[in-house]
Structures are given as C-alpha cells and as structure tokens.
Amino acid sequence: MTLTLILTRHAKSDWGDPRLSDHDRPLNKRGRRDAPRIGAWLREAGYMPDKVTVSSALRAQETWAGIASTLGGAPKVSTAEALYHASADVLMARARGSFSFTHMMIGHNPGMGDFAHRLLRAAPDHRRFLDFPTCATLVIDFGERDWRDLDWGMGEVLGFVTPHDL
C-alpha cells in the first residue's frame, strides 16, 4: 500500500471580533462555504483519509467539520496543539510519526505552505500553489515507504486544488 499525505490549510477565517484571540477565531461565511467543497472534491477524487490530525485552533476545527460533512467515511481524528502555527519541521515530525496509509493534516501558513513545497519533487503547475491560500489542499503520494523514512523532495503530486477552482 502506498503512503498518501493530504495537506489542507484552514478555510477563510473571520477577523470581525477584535476581542477574540487568534486561536479562537471562527470561519467566516466564505470559509464555511469552502470547506465542504473541499470535502466533496476529496471524496469524488477518491482521496479518503484514514487518519486526520487537526490544529487546535477553532478555524482549523471548523474547517475539518465542513470537510467531514461532505467527505464521508470514518477516519480517526485527533486534535494537535502542536499543529497551531507549526513550522515545516514540526509538521514533518508529525507526519513521520503516522501509522496510517492516508493521513490528512489541517493547519496554518506559513508552515503548511512551506511544508508542502519542501515535500515535493516538483511543484504542481498552479498559479496559487506558491502562496497556498486558505483551504488549499494538496494530495501527495510517497510510494511504498515507511513514514519514518519520509524526507524532503520525495513526494509526487496527486492533486492540488483551491476553493476557487471548484
């Protein structure tokens, strides 16, 4: 079985209440609309995670809830404080500790975008890949490896989408 990693940046968040901490900002209307569209895209393309690790930030949790509403399946889901504004190196350590075949991670930029770039042999031909916008989702194949052997530049793009594409 091949190893697949799905990386999703949280959907668009609401900046309307200045009293909220960054960690506690919810999704805005666009974010609540976009997340289910990503879930439907993943389902239709056959990219079904068996494990999902989600940042503890409210906007990431709400992104997962939106994706899950259209994705289907019953992956094992965990919340990880370590994914909140995690660097690429922290995300790599988390991926190397996976024991699933298809692992999805939902987090934040700049770490998520940097992680995505560094994992790939070649970036997808998409005008928005470099800035990895909100709810951008990348699906990467690592072949028949062990997660513990994961390293930079090993991944092949299976798919990349932004909500604007859908």
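If you're wondering where the values come from, they're calculated on a predicted model, not measured in any experiment.

A. Just the overall build of the chain, in detail. When helices and strands are counted, the chain shows 4 helices and 6 strands. Of the regular secondary structure in the chain, the N- to C-terminal order runs β-α-β-α-β-α-β-α-β-β. The C-alpha atoms of the chain give a radius of gyration of 15 Å, which matches the 15 Å a tight globule of 166 residues would have. By its C-alpha atoms, the chain is 45 × 35 × 30 Å across when sized along the principal axes. For the chain, with 166 residues in total, the buried portion stands at 52%. Here the analysis covers contacts within the chain between residues at least 6 apart in sequence; of these, 75% occur between residues at least 24 apart. Element-wise, carbon and sulfur atoms account for 52% of the exposed surface of the chain, whose accessible area totals about 7,800 Å².

B. Spotlight on the sheet that holds strand 3 (residues 76-80). Taken together, the 6 strands give an open sheet; going across it, the order is 3-2-4-1-5-6, and neighbouring strands pair in mixed fashion. Strands with a single pairing partner mark the edges of an open sheet, and in this sheet they are strand 3 and strand 6 (156-161). If you compare each strand with its neighbour and ignore which way they point, the axes differ by 15° on average. Relative to strand 4 (residues 102-107), strand 2 (residues 51-55) is paired through 4 bridges, and the arrangement is parallel. Each bridged residue has a counterpart across the sheet, and for V54 the counterpart in strand 4 is I106.

C. Structural detail: the pattern of salt bridges. A full pass over the atoms with the stated rule returns 13 salt bridges. One salt bridge connects R25 with D22, and the closest N-O pair in it is separated by 2.7 Å. Looking at R25, the relative accessible area reads 6%, which means it is buried. The salt bridge partner of R33 is D34, with a shortest N-O separation of 3.3 Å. One connected set of salt bridges, linked through shared partners, spans R30, R33, D34 and R37.

D. Main features of the nonpolar core. Membership of the largest hydrophobic core comes to 26 residues, with the highest contact counts inside it found for L7 and F115. Of all elements in the fold, only strand 1 (4-9), helix 3 (88-96), helix 4 (111-119) and strand 5 (137-141) reach the threshold of two or more residues within this core. Among all residues touching F115, those that are not within four sequence positions of it are L5, L7, A88, L91, M92, A95, M105 and W152. Counting residues in each nonpolar core, the second largest holds 19 residues, with L27, V54, A60 and L71 among its members.

E. Representation of the packing of aromatic side chains within the structure. For the coordinates displayed, the defined rule picks out 6 aromatic pairs. Here the aromatic rings of W41 and Y47 are separated by 5.7 Å at their centres, their planes lie at 50°, and the arrangement is tilted. By relative accessible area, which is 18% here, W41 ends up buried. When the centroid spacing of 5.7 Å and the interplanar angle of 45° are considered together, the rings of F132 and F160 count as tilted. Remark: F160 occurs in strand 6 and F132 occurs in the loop between helix 4 and strand 5; sequence separation between them is 28 residues. Of the two residues, F132 and F160, both sit in the buried class. Each member of the aromatic cluster is reached from another via a ring pair, and the members are F129, F132 and F160. Looking at R25, its charged tip hangs above the ring of W15, at a distance of 3.6 Å from the centre.

Thresholds, definitions, all that
- Residues numbered from 1 in each chain as written.
- Predicted model: local features only at pLDDT ≥ 70, side-chain atom pairs only at ≥ 80, totals over all residues.
- Heavy atoms only, no water.
- Helix = DSSP H or I, 4+ residues; strand = E, 2+ residues; numbered from the N terminus.
- Rg over C-alpha atoms; globule rule 2.2 N^0.38 Å.
- Buried < 20%, exposed > 50% of the residue type's maximum accessible area, 1.4 Å probe, protein only.
- Contact = heavy atoms within 4.5 Å.
- Areas by Shrake-Rupley, 256 points an atom, 1.4 Å probe, with all protein chains shown as cover.
- Pairing = 2+ DSSP bridges.
- Axes fitted to C-alpha atoms, helices over the stretch in contact; angles between N-to-C directions.
- Salt bridge = Lys/Arg side-chain N within 4 Å of Asp/Glu carboxyl O.
- Core = buried A, V, L, I, M, F, W, Y, C linked by side-chain atoms within 4.5 Å.
- Phe/Tyr/Trp six-rings, centres within 6.5 Å; stacked < 30°, edge-to-face > 60°.
- Lys NZ or Arg CZ within 6 Å of the ring centre and 35° of its normal.

That is the geometry; function is a separate question.
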